[in-house]
Amino acid sequence: MKHIISILLENEAGALSRVAGLFSARAYNIESLTVAPTDDPSLSRMTLVTTGSEDIVEQVCKQLNKLVDVVKLVDLTKDEHVERELVLIKVRAENGQRDEVKRVVDIFQGHIVDMTDSTYTLEVTGDSEKIDALLTALEKMTIVEVVRSGQLGIGRGDRGIV
């Protein structure tokens, strides 16, 4: 089962390395990882996506909580949450393809953020299923490059991770 783990940690050199090291030392896979400072510059928020049984993820969370840099950790998968992913896709868009690319972007409520004589760069946000469906819809076109952010998640309601 997929788990989205949100970690509040001290914004210090080596903190990311220690978290990643914990996973690699135990042969756990990280499917996606995003990190950025919070509104408090001394803290960063890490969103980590991994798969495993409840027991394995619970063990990982306990080990993560032991790291000195970790302030708080929440497995968002256990509660109601919102998750999103960002994708940037560069597609070949020449002649008749330009209108088709625009149509697909509109259907997926995306934006064309850059264009040249031969390419469009698209930006779309949504859950992973939406991003996968977009890539399927673009299969008949020439995709030059794809960059996915990985999933971000936040709990619903009044409570925050802090």
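Below, the structure is looked at part by part. (Residues numbered from 1 in each chain as written. Predicted model: local features only at pLDDT ≥ 70, side-chain atom pairs only at ≥ 80, totals over all residues. Heavy atoms only, no water.)

**Quick notes on the overall build of the chain**
Stage number 1. Within the chain, the regular secondary structure consists of four helices and nine strands.
Stage number 2. Put simply, the chain runs from its N terminus to its C terminus through helices and strands in the order β-α-β-β-α-β-β-α-β-β-α-β-β.
Stage number 3. For the chain, the proportion of its 162 residues judged to be buried stands at 37%.
Stage number 4. Of all intrachain contacts in the chain linking residues separated by at least 6 positions in sequence, the fraction that spans at least 24 positions is 72%.
Stage number 5. Looking at the chain as shown, the accessible area adds up to about 9400 Å², and 50% of this sits on carbon and sulfur atoms.
Stage number 6. Seen as two clouds, the 19 positive and the 27 negative side-chain charges of the chain have centres 1 Å apart. (Helix = DSSP H or I, 4+ residues; strand = E, 2+ residues; numbered from the N terminus. Buried < 20%, exposed > 50% of the residue type's maximum accessible area, 1.4 Å probe, protein only. Contact = heavy atoms within 4.5 Å. Areas by Shrake-Rupley, 256 points an atom, 1.4 Å probe, with all protein chains shown as cover. Lys, Arg positive; Asp, Glu negative; His and termini not counted. Charge placed at Lys NZ, Arg CZ, Asp CG, Glu CD.)

**Let's talk about helix α4 (residues 128–137)**
Stage number 1. Those residues of α4 that fall on the buried side of the exposure criterion are Ser128, Ile131, Leu134 and Leu135. Down the axis of α4, the sector holding all buried residues measures 120°, keeping them to one side.
Stage number 2. Buried positions along α4 lie against β5 (81–92), α3 (97–107), β7 (119–126) and β8 (143–148). (Arc of directions from axis to C-beta.)

**Details of the packing of aromatic side chains**
Stage number 1. As enumerated under the stated definition, the model contains one aromatic pair in all.
Stage number 2. Here the aromatic rings of phenylalanine 23 and tyrosine 28 are separated by 6.3 Å at their centres, their planes lie at 75°, and the arrangement is edge-to-face. (Phe/Tyr/Trp six-rings, centres within 6.5 Å; stacked < 30°, edge-to-face > 60°.)

**Structural notes on the pairing of strand β1 (residues 2–10)**
Stage number 1. With seven of nine residues buried, β1 lies mostly within the body of the structure.
Stage number 2. Across nine bridges, the pairing between β1 and strand β3 (residues 43–51) is antiparallel. Each residue of the ladder has a partner; that of leucine 8, found in β3, is arginine 45.
Stage number 3. Here five bridges tie β1 to strand β4 (residues 70–75), and the two strands are oriented antiparallel to one another. When the bridges of β4 are listed, isoleucine 5 appears paired with aspartate 75. (Pairing = 2+ DSSP bridges.)

**Overview of the pattern of salt bridges**
Stage number 1. This model, assessed by the stated rule, comprises eight salt bridges.
Stage number 2. As a salt-bridge pair, glutamate 80 and arginine 156 come within 2.9 Å of each other at their nearest N and O atoms. Note that glutamate 80 is positioned in the loop between β4 and β5 and arginine 156 in the segment after β9 (152–155), a separation of 76 residues in sequence.
Stage number 3. With a relative accessible area of 57%, glutamate 80 lands in the exposed category.
Stage number 4. Note on arginine 156: relative accessible area 53%, which makes it exposed. (Salt bridge = Lys/Arg side-chain N within 4 Å of Asp/Glu carboxyl O.)

**Some thoughts on the sheet that holds β3**
Stage number 1. As summarised here, the arrangement of the four strands in space is β2-β3-β1-β4, forming an open sheet in which the pairing is antiparallel. Sheet topology places β2 (30–37) and β4 at the edges, where each strand pairs with a single neighbour. Looking at each pair of strands side by side, their axes are set apart by 15° on average, direction ignored.
Stage number 2. The sheet contact formed by β2 and β3 spans seven bridges and is antiparallel. Considered in β3, the bridge of isoleucine 30 is made with threonine 50.
Stage number 3. Its contacts with the sheet put helix α1 (residues 15–25) on β1, β2 and β3, and the angle it makes with β3 is roughly 15°.
Stage number 4. Running over the sheet, helix α2 (residues 54–66) touches β1, β3 and β4 and is turned about 165° from β4. (Axes fitted to C-alpha atoms, helices over the stretch in contact; angles between N-to-C directions.)

**Here we look at the environment of valine 19**
Stage number 1. Tracing the chain through its elements places valine 19 in helix α1.
Stage number 2. Taking relative accessible area as the criterion, valine 19 reaches 2% and is therefore assigned buried.
Stage number 3. When the C-alpha atoms of valine 19 and methionine 46 are compared, they prove to be 9.7 Å apart, with 27 residues separating the residues in sequence.
Stage number 4. When sequence neighbours within four positions are dropped, the list of residues in contact with valine 19 reads Met46, Leu48, Leu64 and Leu67.

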